[in-house]
Amino acid sequence: GDSTVAPDTSIPIKPDAVTPIPDATFGFSSNDPAADFECLIDLHTGVVPEWGSCGPTLQLGGLLPGTYELQVRAVNELGNLDATPAVHEWTVVPPDTTIESGPPASTLSPDAEFTFSSDDPLADFECSLDGAPYSSCSTPYQLSALLPGDHVLLVRASNSVNTVDPTPARFEWTIRPRPETVILTGPNDPTDSSTAQFTFMSNLENVTFECALDEAADAGVFSACSSGITYTDLIFGEHTFVVRAVDADGNVDLVPAEWEWSVEGLA
């Protein structure tokens, strides 16, 4: 046949010109509703492609990154072929990864939750924390009991043919240490002195301190103080002193340092 009597061919259903999806779905049509179709596509390196029957739809799967070209031609009942096959060229690229949310850039929390996505909606994910080997993960992704310091999470999407994102998404954040308090010196237990002096320190610099004694300690009522604080005229009996460090952002030691002693006689 020639082009004046042969059916015409079109590809109304086809993958995007650039896509991360390793599968491709095609749908063909012709101005001859009774026409069949033949396809030609080069999928295997070193193998010369040949025309073959493909029907009105075609599914291709497991495509690796690269550029592909599909030709399709309609064939009518007399065997006349479309002399100008329809052509679709497209490129399969590795999946891309986006970290949608994560912890604040600087935080006291040892826990972190992340959400991430890929431009391939069927992709799986692999995560690497602080240089560790990648392992399977899913969104939302939760980490807990992390140590203070700088942390880096890398996330990469992986598709059904194990093609991974060559440029993983990266998230950096810092876990600041919470202030802690240590009492260095205090009165003997027991003691006969009605005077008590305390020295204390914190694991952080540029902190302030808050102290409470006896009933105030029981009620959790703290007041500003500094190391070397001295209490006088203490009565006979048991006493409790607590102190907590407060950092520059107002974060307090959640477990104040505590000192208990007894005054058994007045000096």
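Coordinates for the structure precede this section.
This report concerns the structure included in the present document.

Parameters at a glance
Residues numbered from 1 in each chain as written. Predicted model: local features only at pLDDT ≥ 70, side-chain atom pairs only at ≥ 80, totals over all residues. Heavy atoms only, no water. Pairing = 2+ DSSP bridges. Helix = DSSP H or I, 4+ residues; strand = E, 2+ residues; numbered from the N terminus. Core = buried A, V, L, I, M, F, W, Y, C linked by side-chain atoms within 4.5 Å. Buried < 20%, exposed > 50% of the residue type's maximum accessible area, 1.4 Å probe, protein only. Phe/Tyr/Trp six-rings, centres within 6.5 Å; stacked < 30°, edge-to-face > 60°. Lys NZ or Arg CZ within 6 Å of the ring centre and 35° of its normal. Disulfide = S-S within 2.5 Å.

What to know about the sheet that holds strand 12 (residues 124–129)
Item 1. Ordered in space as 10-16-15-12-13, the 5 strands form an open sheet in which the pairing is mixed. The open sheet has two edge strands, strand 10 (106–107) and strand 13 (135–137), and neither has a second partner.
Item 2. With 6 bridges joining them, strand 12 and strand 15 (residues 149–158) adopt antiparallel strand pairing. Residue pairing for strand 15: D124 is matched across the bridge by S158.

Quick look at the nonpolar core
Item 1. Ranked by size, the top nonpolar core spans 19 residues in total, and within it F26, F28, L58, L60, L70, V72 and W90 carry the most contacts.
Item 2. Among the elements of the structure, strand 3 (24–30), strand 4 (36–41), strand 6 (57–60), strand 7 (66–75) and strand 8 (86–92) are those that each provide at least two residues to this core.
Item 3. For this core, the element with the most residues is strand 7, which contributes 4 residues.

With respect to the packing of aromatic side chains
Item 1. Counted under the stated rule, the structure contains 16 aromatic pairs.
Item 2. Taking 6.0 Å as the distance between ring centres and 55° as the angle between the ring planes, the aromatic pair formed by F171 and W173 counts as tilted.
Item 3. A network of ring pairs unites the aromatic residues F198, F200, F209, Y231, F241, W259 and W261 as a single cluster.
Item 4. The ring of W51 has R73 sitting right over it, with the charged end atom 3.9 Å from the ring centre.

Digging into the sheet that holds strand 2 (residues 18–19)
Item 1. As summarised here, the arrangement of the 5 strands in space is 2-8-7-4-5, forming an open sheet in which the pairing is mixed. This sheet does not close on itself; its edge strands, each paired only once, are strand 2 and strand 5 (52–53).

A look at the state of the cysteines
Item 1. Enumeration over the complete set of coordinates arrives at 3 disulfides.
Item 2. A disulfide bridge connects C127 with C137, and the sulfur atoms are separated by 2.0 Å. Classification of the bridge connecting C127 and C137 rests on its S-S torsion, roughly 80°, and on that basis the disulfide is right-handed. Taken together, the residues span a long stretch of sequence, with C127 in strand 12 and C137 in strand 13 at a distance of 10 residues.
Item 3. Residue classification places C137 among the buried positions, given a relative accessible area of 8%.
Item 4. The connectivity of the disulfide bonds within the protein chain can be written as 1-2, 3-4, 5-6, using the sequence rank of each bonded cysteine.

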